[in-house]
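Summary of the model geometry
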Amino acid sequence: MKYIGPHLSIAGGVSLSVERARECGATGFALFTKNQRQWRAPAISPEEGAAFRKACAEANYPPEAILPHDSYLINLGNPDPEKCQAAREAFTEELRRVEALGLSLLNFHPGSGLGTSREETLRRIAQGIQQALDQTERAVAVVENTAGQGSVAGKDLEELQQIVEWVDRPGRIGVCIDTCHAYAAGIDLATPQGREAFWAEFQERLGFPLLRGMHWNDTKSALGSHLDRHAPIGEGHLGWETFLSLARDPRLENIPLILETPEPERWPQETQRLLEAARETPSL
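Structural notes, computed from the coordinates. Only a predicted model underlies this, so the values are computations on that prediction, with no experimental measurement involved.

Here's the deal with the packing of aromatic side chains
Scanning the entire structure with this criterion turns up eight aromatic pairs. Geometrically, the ring pair formed by Phe202 and Phe208 is tilted, given 5.5 Å between the ring centres and 50° between the ring planes. As far as burial versus exposure is concerned, Phe202 and Phe208 are alike and both buried. Through successive ring pairs, a cluster of aromatic residues spans Phe198, Trp199, Phe202 and Phe208. Positioned above the aromatic ring of Trp166, the side-chain terminus of Arg123 is 3.8 Å from the ring centre.

What follows is the structure, given as structure tokens:
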């Protein structure tokens, strides 16, 4: 099963994201569990959690089809001790919100070392993830690759591998690959040869069981530009054929495949075209 759909608004309450997913004809979706530009929010109430779980069950969205994203404010790589601890506490709270909604995944950007060494930054990020997982029960921390701008960590599979290896919680750490970020970081996903080289390295460094989600975004930015500029599918350097190929890839079953493309009015059409291609998936 391919769980394909957009990152949807929670305006009016998290449960309304489920209806928005249905309106797109999505088989999976993403959401923030609170305002992503605020540090704190009221905890998920038992009633709110129950309503969301009920809506998902009625619409046939299992937890593994949904990829919540944490707040953009959180930087687990921050070298300032107080700010680093604040980020860790906020990340822990995000994991608790995911669990309160009955979900299983939390997607997040690894963070920036703000000028500190790459090894220090990666180790600090891993320690923050470890601390949050130790204080929560079951949610999986899903670290996302980045475009590699400045001192932001996670630009390639080697850095993701290092973070994962330093987190000692098997089964509760995974990876999300963003196509726009990968291309901007210099990974050529626009050609069949480039895609296969990438997946071969992924299998060698991490293994497909650690792939817990993807963001399918076309890109306005050139290969290796380190600029994170999303484009509607088919209007960037990756093009429709890249995403149709991914939709047909049998290795990408049973994980959320999320559109973060601009122009929400296109999401139903993008989703349906990708789902049509996914039905052509060959058997392994």
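Still to come is the rest of the account.
Observations concerning the packing of helix α3 (residues 81–100) against helix α4 (residues 118–134)
Relative to each other, α3 and α4 sit at 45°, their axes nearing to 9 Å. Our classification of the angle between α3 and α4 gives oblique. Here α3 and α4 pass one another in a crossing that is right-handed. Residues Cys84, Gln85, Arg88, Phe91, Thr92 and Leu95 of α3 pack against Arg124, Gln127, Gly128, Ile129, Gln131, Ala132 and Leu133 of α4.

A few points about the nonpolar core
Counting residues in each nonpolar core, the largest one holds 76 residues, and the members touching the most others are Phe52, Phe91, Ile129, Met214, Trp216 and Leu274. Ranked by residues supplied to this core, first place goes to α4 with six residues. When sequence neighbours within four positions are dropped, the list of residues in contact with Leu274 reads Ile4, Trp216, Ile233, Trp240, Phe243, Leu244, Ala247 and Leu259. One finds Ala30, Leu105, Val140 and Val142 within the second-largest nonpolar core, a separate group that totals seven residues.

Concerning the side chain of Thr136
Note on placement: Thr136 falls in the loop between α4 and β5 (140–144). For Thr136, the side chain forms a polar contact with the main-chain oxygen of Ala132, separated by 2.9 Å.

Description of the packing of α4 against helix α5 (residues 157–166)
One can describe the packing of α4 onto α5 by two numbers: an axis separation of 8 Å at closest approach and a directional angle of 45°. Regarding the angle of α4 to α5, the classification is oblique. Crossing of α4 over α5 shows right-handed handedness. Taking contact as the criterion, the partners of Arg118, Glu119, Leu122, Arg123, Ile125, Ala126, Ile129 and Gln130 in α4 are, on α5, Glu159, Gln162, Ile163 and Trp166. Residue composition of the contact of α4 with α5, grouped by class: six nonpolar, two polar and four charged.

Conventions adopted
Residues numbered from 1 in each chain as written. Predicted model: local features only at pLDDT ≥ 70, side-chain atom pairs only at ≥ 80, totals over all residues. Heavy atoms only, no water. Phe/Tyr/Trp six-rings, centres within 6.5 Å; stacked < 30°, edge-to-face > 60°. Buried < 20%, exposed > 50% of the residue type's maximum accessible area, 1.4 Å probe, protein only. Lys NZ or Arg CZ within 6 Å of the ring centre and 35° of its normal. Axes fitted to C-alpha atoms, helices over the stretch in contact; angles between N-to-C directions. Helix = DSSP H or I, 4+ residues; strand = E, 2+ residues; numbered from the N terminus. Parallel < 35°, antiparallel > 145°, perpendicular 65-115°, else oblique. Left-handed = near helix turned anticlockwise from the far one by under 90°. Contact = heavy atoms within 4.5 Å. Core = buried A, V, L, I, M, F, W, Y, C linked by side-chain atoms within 4.5 Å. Polar contact = N/O pair within 3.5 Å; in protein donor to acceptor, adjacent residues only side chain to side chain. Nonpolar A, V, L, I, M, F, W, Y, C, P; charged D, E, K, R; others polar.

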